[in-house]
Each structure stands twice: as structure tokens, then as C-alpha cells.
Amino acid sequence: MTGDPQYFLDRLTNYGALFLGPETNVSYGDKVIGTNHTLPTRRAARYTGGLWVGKFIKTCTYQRISEEASVAVGEYCSRLCALEHFAGHKEQADIRLRRYGGQNVRGLDALPGTAE
């Protein structure tokens with residue numbers, strides 16, 4: 001439907017599927033080419049794409065860091081949690097800062113404006 005389909009591919013960011021060039025069509029996308037006719041609606045393309053096999057694959061994540069990295073990450077985490085008033089999350093970071101970094105970290109009650 002356009003003389004320069006690459007122009008739209010380069011510039012559009014939120015869409016369910018683009019069918020680029022006269023060789024491609026919606027039927028191909030719906031049935032055989034790899035995408036699917038189940039596409040995001042109601043502005044959902046801002047955060048998700050169309051249905052594809054990857055939507056059915058279970059993903060598992062894990063984290064592992066060294067004691068030194070735990071201290072570096074923990075300092076940022078502790079401050080962020082303090083700003084957000086997430087006391088439990090902050091304490092999880094603070095435990096590691098005390099254990100691995102030898103730091104005397106105080107809780108949310110030590111922050112300005114949080115004392116009763």
C-alpha cells in the first residue's frame with residue numbers, strides 16, 4: 001500500500017504486525033508465515049506484540065552475584081528502597097551490606113521525615 005515499506009518499518013514502534021511489500025499479505029501472516037492473526041488491540045501494542053510460539057514458552061530466571069557485587073548492588077538497592085519506603089526490601093539489602101560490606105546501615109526510621 002506504499003511505495004517505500006522500509007520507511008514505515010524504520011519509523012513505527014507500536015503495531016501488531018506489518019506486512020511489507022506486495023509479496024506479503026495478511027493471509028500469510030494469519031496462517032503460515034510465522035506471525036499470527038491474534039494481534040494486540042486497544043493500544044496494547046505499546047507493551048506487547050502479537051501472539052507467537054514464544055508466548056507459550058515458560059521462562060525461568062535466576063540471579064547469582066559475588067559478595068563484592070552484593071555490596072555494590074546493595075548500596076543502590078538500599079537507597080532506592082528507602083526513597084520508596086519499602087522497609088522489608090531495604091532490610092534485605094541492608095542485611096547483605098552488614099554481612100558482606102561491614103556497613104552499619106540503619107532502617108527507614110533513621111531517614112529524615114520518617115520519625116514519629
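Below is a short write-up of the structure. (Residues numbered from 1 in each chain as written. Predicted model: local features only at pLDDT ≥ 70, side-chain atom pairs only at ≥ 80, totals over all residues. Heavy atoms only, no water.)

## Looking at the layout of surface pockets
Its volume calculated, the largest pocket comes out at about 230 Å³. Lining the largest pocket are M1, T2, P5, F8, L18, F19, L20, G21, P22, T24, N25 and V26. Looking at the lining of the largest pocket residue by residue, the class counts come to eight nonpolar, four polar and no charged. (1 Å grid on protein atoms, 1.4 Å probe; cavity = no way out; pocket = protein on both sides within 12 Å on 5 of 7 lines; lining within 4 Å. Points joined across faces, edges and corners; volume = space filled by probe spheres on them. Nonpolar A, V, L, I, M, F, W, Y, C, P; charged D, E, K, R; others polar.)

## Observations regarding the side chain of S70
As for its position among the elements, S70 is in helix α3 (residues 67-84). Apart from residues no more than four positions distant in its own chain, S70 is found in contact with I65, R96 and Y100. (Helix = DSSP H or I, 4+ residues; strand = E, 2+ residues; numbered from the N terminus. Contact = heavy atoms within 4.5 Å.)

## A word on α3
For α3, with 18 residues, the first-to-last C-alpha span of 25 Å sits near the 26 Å given by 1.5 Å per residue. Along its length, α3 shows its largest kink, about 25 degrees, at G74. Among the residues of α3, those classed as buried are S70, V71, G74, S78, C81 and A82. In this fold, the buried residues of α3 make contact with α4 (87-101). Of the residues trailing α3, H85 is marked for its positive phi of about 60 degrees. (Expected span 1.5 Å × (residues − 1). Bend = angle between axes of the 7 residues up to and from the residue. Buried < 20%, exposed > 50% of the residue type's maximum accessible area, 1.4 Å probe, protein only.)

## Re the state of the cysteines
Defined simply, a disulfide is a covalent bond joining two cysteines at their sulfur atoms. Under the defined criterion, the tally for this structure stands at zero disulfides. Here C77 is not cross-linked by a disulfide; its sulfur's nearest cysteine counterpart is in C81, at 3.9 Å. (Disulfide = S-S within 2.5 Å.)

## Some details on the packing of aromatic side chains
Inspection of every chain in the model, using the stated rule, returns one aromatic pair. Ring plane angle 85 degrees and centroid distance 5.1 Å describe the contact between Y7 and F8, whose orientation is recorded as edge-to-face. Residue classification places Y7 among the partly exposed residues on the basis of a relative accessible area of 38%. (Phe/Tyr/Trp six-rings, centres within 6.5 Å; stacked < 30°, edge-to-face > 60°.)

## Some details on the environment of K55
The topology assignment puts K55 in the loop between α2 (26-31) and α3. With a relative accessible area of 41%, K55 lands in the partly exposed category. Taking C-alpha positions, K55 is 33 Å from G88, a pair spaced 33 residues apart along the chain. If sequence neighbours within four positions are ignored, K55 has contacts with T48, G49 and G50.

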